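Each chain, written out:
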Amino acid sequence: NAGVTQTPKFQVLKTGQSMTLQCAQDMNHNSMYWYRQDPGMGLRLIYYSASEGTTDKGEVPNGYNVSRLNKREFSLRLESAAPSQTSVYFCASSEASNPNYGYTFGSGTRLTVV
Amino acid sequence: AQSVTQLDSQVPVFEEAPVELRCNYSSSVSVYLFWYVQYPNQGLQLLLKYLSGSTLVKGINGFEAEFNKSQTSFHLRKPSVHISDTAEYFCAVKKGAQKLVFGQGTRLTINP
């Protein structure tokens, strides 16, 4: 089925460990996004990529890096995980120039940092 | 920058009762408005959107929302809820090609 695929679905890290969250979309969308979801705070944008080859910071970029590997894939890296990064992470994609499409979300990665 | 305020963090209602989830946004220019639903342990799904035209927008699962420009609101309504409507609901606003900005979410709990 067409959509946004995130891996892994669950992850437990120790403080200081690194990891990469993977995201791929097969809808030929130009724009991709990484959000984190925390109770009572809604979704906050970490990084986004308006098109292949470009990335920009969102609202809460500290402690993260991203790579837009190609048009399909957009990864999020935690270089040195901290307990404050315990959250649910969502990847999304869209045709940013056309609001009719809205955003399509992946099913999320639940990350716990101990 | 635009912002979105969902006035209720939690809304409990009885099954078959009507419900309204409130959303206000701040923007001095035209925006696009969305409601998303998140069922437990799932990602977000689009419920409905307002881009232009009629201020009453109908979405999936019997939900509808009304765009009120003078009150900068986009409240979500359903005349009769079902247990399966238990979820978290997010209002979001987008200005042109800019990124979606989400509200804090409203957790809807349906009691039998």
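Everything below is about the structure shown above.
Being a predicted model, the structure only gives us computed values, none of them experimental.

Caption draft 1: Examining the interface of chain A and chain B more closely. Each partner contributes residues to the interface: chain A has 20 residues there, and chain B has 21 residues. Both faces considered, chain A and chain B share a buried interface measuring about 1600 Å² in area, 60% of it formed by carbon and sulfur atoms. The interface formed by chain A and chain B contains zero salt bridges. The tally of links between chain A and chain B comes to five residue pairs in polar contact (both at pLDDT 80 or more). When grouped by side-chain class, the residues that make up the side of chain A that touches chain B number 12 nonpolar, seven polar and one charged.

Caption draft 2: Seen up close, the side chain of His75(B). Residue and element names in this part refer to chain B. When you line up the elements, His75 lands in strand E9 (residues 73–78). Of the polar contacts made by the side chain of His75, one reaches the backbone nitrogen of Cys23; its length is 2.9 Å. Among all residues touching His75, those that are not within four sequence positions of it are Glu20, Leu21, Arg22, Cys23, Asn24, Trp35, Glu64, Ala65 and Glu66.

Caption draft 3: Summary view of the state of the cysteines. Under the counting rule described, the total for this entry stands at two disulfides over all chains. In this model Cys23(A) forms its disulfide with Cys91(A); the gap between the sulfur atoms is 1.9 Å. Around the S-S axis, the bridge from Cys23(A) to Cys91(A) shows a dihedral of about -75° and counts as left-handed. Highlighted residues: Cys23(A) in strand E3 (residues 19–25) and Cys91(A) in strand E9 (residues 87–94), separated in sequence by 68 residues. No difference in accessibility class separates Cys23(A) from Cys91(A), as the two residues are buried. One disulfide in the model links Cys23(B) with Cys91(B); its S-S distance is 2.0 Å. Because the torsion about its S-S bond is -65°, the bridge between Cys23(B) and Cys91(B) counts as left-handed. Taken as a pair, Cys23(B) in strand E4 (residues 23–26) and Cys91(B) in strand E10 (residues 87–94) lie far apart in primary sequence, 68 residues in all.

The rules behind these values
- Residues numbered from 1 in each chain as written.
- Chains lettered and ligands numbered in written order.
- Predicted model: local features only at pLDDT ≥ 70, side-chain atom pairs only at ≥ 80, totals over all residues.
- Heavy atoms only, no water.
- Contact = heavy atoms within 4.5 Å.
- Buried area = accessible area lost by both parts, 1.4 Å probe.
- Salt bridge = Lys/Arg side-chain N within 4 Å of Asp/Glu carboxyl O.
- Polar contact = N/O pair within 3.5 Å; in protein donor to acceptor, adjacent residues only side chain to side chain.
- Nonpolar A, V, L, I, M, F, W, Y, C, P; charged D, E, K, R; others polar.
- Helix = DSSP H or I, 4+ residues; strand = E, 2+ residues; numbered from the N terminus.
- Disulfide = S-S within 2.5 Å.
- Buried < 20%, exposed > 50% of the residue type's maximum accessible area, 1.4 Å probe, protein only.

Purely geometric numbers; function is a separate question.
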